[in-house]
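Close look at the chain arrangement
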Amino acid sequence: MKLSDDIKYLKGVGPKRAEIFAKMDIHTIRDLLYHLPRSYIDFSSPVTIEDATLDEQNLLKCRCSEKRSYQYTRRGMQIFQLMFTDGSDDIFVTLFNQGYLYDKIRVGEDYFLLGKVTGTLTERVMNGPQIVEVLQAEKLRPVYPLTEGMTENILRNCMKNALTCLDNETCEVMPSEIIERAGLMRTDDALKYIHFPRTQSDVVPARKRLAFDELTTLQLGMLSLKDRNRTLTPYVMKSFPMDEFYRSLPFEPTGAQRRAIGECISDMARNVPMNRLIMGDVGSGKTVVAAACCYLSHLNGTQSCLMAPTEVLADQHAETLSRFLEPLGVKVALLKGSMSTKDKNRVRKGLASGEYSVAVGTHALFQKATEFSNLALVITDEQHRFGVNQRDALAEKGVNPHRLVMSATPIPRTLALMIYGELDISTLNEMPKGRLKIETYAVTGKLRTRAYNFTKKYLDEGRQAYIICPAIDEEEGMQSVLEYAERIRSADFAGYTVGVLHGKMKPAEKEQVMTDFKDGKIQVLVSTTVVEVGVDVPNAAVMLIENADRFGLSQLHQLRGRVGRGEHQSYCILITDNVTETSKKRLKALSSTSDGFEISELDLQLRGPGDFFGNRQHGLPSFKIADIAADTDILKLARESAEEIYASGYLEMEEGKGLKANVEKLWEEAN
Ligand code: ADP
Ligand code: MG
């Protein structure tokens with residue numbers, strides 16, 4: 001049998017089970033081999049019945065002392081009762097509808113029982129445990145993600161059969177020198193051990209090897225992408241001094257801004273398209289960098305565009321760019337979905353004729369109807385909100401345009417290399433001078449009234465406030481935001497104007513609310529995280545976040561960045577009733593630093609990379625095995641190995657075919 005064969009031909013499978021496997025996204029024998037255990041049951045360390053923790057999952061090792069006869073309930077359910085003992089105590093076990101298992105159990109034999117132990121001080125009970133004969137138990141048993149109709153036993157048997165295929169065909173696709181030099185296990189062995197480890201010490205190197213494969217494959221994809229970009233010819237921009245631009249700004253640019261602008265200018269002067277990421281905290285002034293690039297493009301007689309994920313942001317950017325650039329003679333256009341057809345057509349005409357040299361907008365920019373006369377630079381803000389396809393659609397409107405991506409989610413360097421591996425990165429790690437530190441406090445719900453009074457004090461001074469309610473989805477968000485606003489309007493914030501903002505509102509409605517808030521017509525804005533992205537209201541001085549522990553640190557930091565954007569001292573109040581150590585540690589970290597890069601490092605350590613990836617839903621495959629927070633050493637090795645493999649031309653060789661196919665498959669899945 002071949003690894004690429006349909007799973008239904010594997011011994012023990014057949015068409016029926018193949019359908020169940022299909023539901024688990026397992027179609028071939030190779031797919032099955034890469035269906036990895038979620039965790040392991042360690043049979044080497046059972047506890048005694050006496051020591052078992054009540055109301056928790058425990059592994060017991062005990063002897064069956066009695067099989068009581070079974071009974072039927074009125075609803076036709078079979079209930080089987082058994083007694084087990086291990087010398088320390090007895091335990092009463094109940095099985096439901098598992099006559100087959102019941103029949104197999106023999107009095108006097110030893111078994112492992114895995115399940116939740118309940119009962120009273122005097123009587124221990126286990127309902128429906130997993131029961132494994134001690135004689136048959138391996139030391140470690142993998143636990144797999146399953147679906148209805150699939151059991152651990154069936155899966156394990158099929159896995160055993162699938163592994164025999166490795167006797168004739170290998171899953172190894174990496175060059176052996178690299179594997180040997182790095183002291184890694186062979187892939188085939190790794191697969192064997194990950195599914196059937198003898199001890200925990202088999203699992204570690206097996207995991208490491210599979211994580212290495214996963215990360216290296218991803219990195220190879222990044223490198224090919226980077227290279228593909230290198231073969232394209234963009235509009236090569238002549239460099240101009242930026243003095244005039246800097247002079248026209250209402251403030252002194254930071255060193256980091258000057259550096260990033262310099263990097264962009266020299267990128268765009270080369271004969272390969274720029275592909276750069278500007279990563280900087282909220283408020284670090286990324287828009288200035290974008291404006292400078294647009295200005296350079298204008299000086300070169302070409303067009304540029306800046307795409308924002310929401311209309312509010314597009315408005316804001318259009319306003320800012322006009323303010324910076326129009327005095328320099330640059331015409332800036334705004335194009336967004338909610339504009340009338342007439343207005344859109346007018347703007348589109350101006351873009352096609354070259355009347356405008358800068359276009360700011362939302363997705364309306366990359367619709368078919370939009371044409372540019374000579375688009376040479378494409379900038380996307382908060383790019384994780386856009387799909388790769390959308391970005392490509394926009395890039396196709398120009399001839400191999402330079403690309404600049406702006407992200408307000410500072411992430412640790414290791415992670416940045418991983419997920420933005422195809423981009424060059426500039427970091428804005430310096431805040432504009434004179435920014436006041438946002439005072440951050442974490443309190444429990446008991447102090448809510450005090451937090452409200454604190455907020456009102458600033459409202460009375462003329463400031464504004466945000467209140468954020470977390471939500472799992474837009475539906476829930478709408479509910480909680482509306483209820484919350486209703487509650488505070490009629491009680492604590494009676495007499496103040498309270499507005500609401502949530503994801504279920506129509507774009508035009510959201511727009512209206514944001515405009516009212518900006519204009520000061522709304523004093524308190526109760527919102528879901530839709531407010532998170534880049535909105536700038538300098539008069540807002542208080543950010544109150546309910547259920548703060550439901551957010552990742554980086555996300556809290558982003559929300560906090562909505563205040564402190566003007567000259568007023570600002571405050572962030574985090575309300576949470578979760579007082580676990582981790583939660584306390586997280587919130588304390590947030591109170592003690594305002595450096596987004598530092599916070600992201602911590603977030604990564606405390607919560608893992610899920611948050612970051614959750615944000616960037618598009619364009620990145622999910623990892624089956626690699627844990628980027630824990631695997632930074634493997635990550636480094638993978639990056640170096642990928643570079644070496646790529647440079648050696650291995651992917652184009654006969655023996656590199658398997659790896660090349662894996663790289664292509666991974667990127668197909670991602671996009
Ligand atoms: P972000 O990086 O979050 O997109 P913005 O570009 O929106 O930040 O800038 C945030 C605010 O800081 C804006 O009001 C902008 O005008 C201002 N700003 C940007 N750079 C500087 C600077 N060097 N000095 C003072 N203020 C600045
Ligand atoms: Mg911004």
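Note that this is a predicted model, so its numbers are computed, not measured. (Residues numbered from 1 in each chain as written. Chains lettered and ligands numbered in written order. Predicted model: local features only at pLDDT ≥ 70, side-chain atom pairs only at ≥ 80, totals over all residues. Heavy atoms only, no water.)

Comments concerning the site of ligand 1
Near ligand 1 you find 17 residues, and of these Glu-252, Gly-283, Lys-286, Thr-287 and Arg-435 are the closest. Contact between ligand 1 and Gln-257: a nitrogen atom at 3.0 Å from a side-chain N or O atom of the residue. Residue Thr-287 places a side-chain N or O atom 2.6 Å away from an oxygen atom belonging to ligand 1. Contact with the protein chains removes 82% of the 560 Å² of surface that ligand 1 exposes when unbound. Among the elements that take part in the shell around ligand 1, helix H10 (residues 286-299) stands out by supplying 3 residues, more than any other. Split by residue class, the shell around ligand 1 holds 5 nonpolar, 6 polar and 6 charged. (Near = heavy atom within 4 Å. Polar contact = N/O pair within 3.5 Å; in protein donor to acceptor, adjacent residues only side chain to side chain. Areas by Shrake-Rupley, 256 points an atom, 1.4 Å probe, with all protein chains shown as cover. Helix = DSSP H or I, 4+ residues; strand = E, 2+ residues; numbered from the N terminus. Nonpolar A, V, L, I, M, F, W, Y, C, P; charged D, E, K, R; others polar.)

So, the packing of aromatic side chains
Under the definition given, this model contains 13 aromatic pairs. Between Phe-84 and Tyr-111, the ring centres sit 6.1 Å apart and the planes meet at 90°, which makes this aromatic pair edge-to-face. Taken together, the residues span a long stretch of sequence, with Phe-84 in strand E3 (residues 78-85) and Tyr-111 in strand E5 (residues 110-119) at a distance of 27 residues. No difference in accessibility class separates Phe-84 from Tyr-111, as the two residues are buried. Members of the aromatic cluster, each reached through a chain of ring pairs, are Tyr-441, Phe-454, Tyr-458 and Tyr-571. (Phe/Tyr/Trp six-rings, centres within 6.5 Å; stacked < 30°, edge-to-face > 60°. Buried < 20%, exposed > 50% of the residue type's maximum accessible area, 1.4 Å probe, protein only.)

Describing the environment of Gly-566
For Gly-566, the position within the fold is in the loop between helix H18 (553-560) and strand E21 (571-575). For Gly-566, a relative accessible area of 26% puts it in the partly exposed group. Along the chain, Gly-566 and Lys-104 lie 462 residues apart, while their C-alpha atoms are 74 Å from each other.

Some words on the sheet that holds strand E14 (residues 402-407)
If you trace the 7 strands from one edge of the open sheet to the other, you get E11-E12-E10-E13-E14-E9-E15, paired in parallel fashion. This sheet does not close on itself; its edge strands, each paired only once, are strand E11 (332-335) and strand E15 (424-428). Each adjacent strand pair in this sheet contributes to an overall mean axis angle of 20°, direction not counted. The pairing of strand E10 (residues 303-307) with strand E13 (residues 375-381) spans 5 bridges and is classified as parallel. Note that in E13 the partner of Met-307 across the bridge is Thr-380. (Pairing = 2+ DSSP bridges. Axes fitted to C-alpha atoms, helices over the stretch in contact; angles between N-to-C directions.)

Observations concerning the confidence of the model for the protein
In this model, the protein carries a mean pLDDT of 88, and residues with pLDDT of at least 70 account for 94%. Averaged pLDDT values over the elements of the protein bottom out at 44 in helix H21 (residues 610-615) and peak at 97 in H10. Across residues 610-620, confidence stays below pLDDT 50; counting only partners more than four residues off in sequence or on other chains, it has 39 contacts. (pLDDT = per-residue confidence, 0-100. Contact = heavy atoms within 4.5 Å.)

What about the side chain of Ser-407?
Topologically, Ser-407 is positioned in strand E14. Setting aside residues no more than four positions away along its own chain, Ser-407 makes contact with Leu-277, Ile-278, Met-279, Gly-280, Lys-286 and Tyr-420.

So, helix H22 (residues 632-648)
Look at H22: 24 Å from first C-alpha to last across 17 residues, which is about the 24 Å you get at 1.5 Å a residue. Of all the residues in H22, the buried ones are Ile-634, Leu-635, Ala-638, Arg-639, Ser-641, Ala-642 and Ile-645. Count one or two residues on from H22 and you reach Gly-649, which has phi positive near 75°. (Expected span 1.5 Å × (residues − 1).)

A short note on the packing of helix H11 (residues 311-325) against helix H17 (residues 507-518)
Running from N to C, H11 and H17 point in directions that differ by 50°, and their axes come no closer than 9 Å. Here H11 is positioned oblique relative to H17, judged by the angle of their axes. Across the interface between the two elements, Glu-311, Val-312, Asp-315, Gln-316 and Glu-319 from H11 touch Glu-511, Met-514 and Lys-518 from H17. Here the residues of the contact of H11 with H17 are counted per class, giving 2 nonpolar, 1 polar and 5 charged. (Parallel < 35°, antiparallel > 145°, perpendicular 65-115°, else oblique.)

A closer look at the sheet that holds strand E19 (residues 524-527)
If you walk across this open sheet you meet the 6 strands as E16-E21-E20-E17-E19-E18, and the pairing is parallel. Where the open sheet ends on each side, the last strands, each with one partner, are strand E16 (439-443) and strand E18 (498-501). Strand-to-strand twist of the sheet, defined as the mean angle between neighbouring strand axes without regard to direction, takes the value 20°. Pairing of strand E17 (residues 464-468) with E19, which is carried by 4 bridges, proceeds in the parallel orientation. Along E19, the bridge assignment pairs Tyr-466 with Leu-525. Of the strands in this sheet, E16, E17, E19, strand E20 (540-545) and E21 are in contact with helix H15 (residues 448-460), which crosses E21 at around 160°. Here H17 sits on the sheet and contacts E17, E18, E19 and E20; the angle it forms with E18, its principal contact strand, is near 140°.

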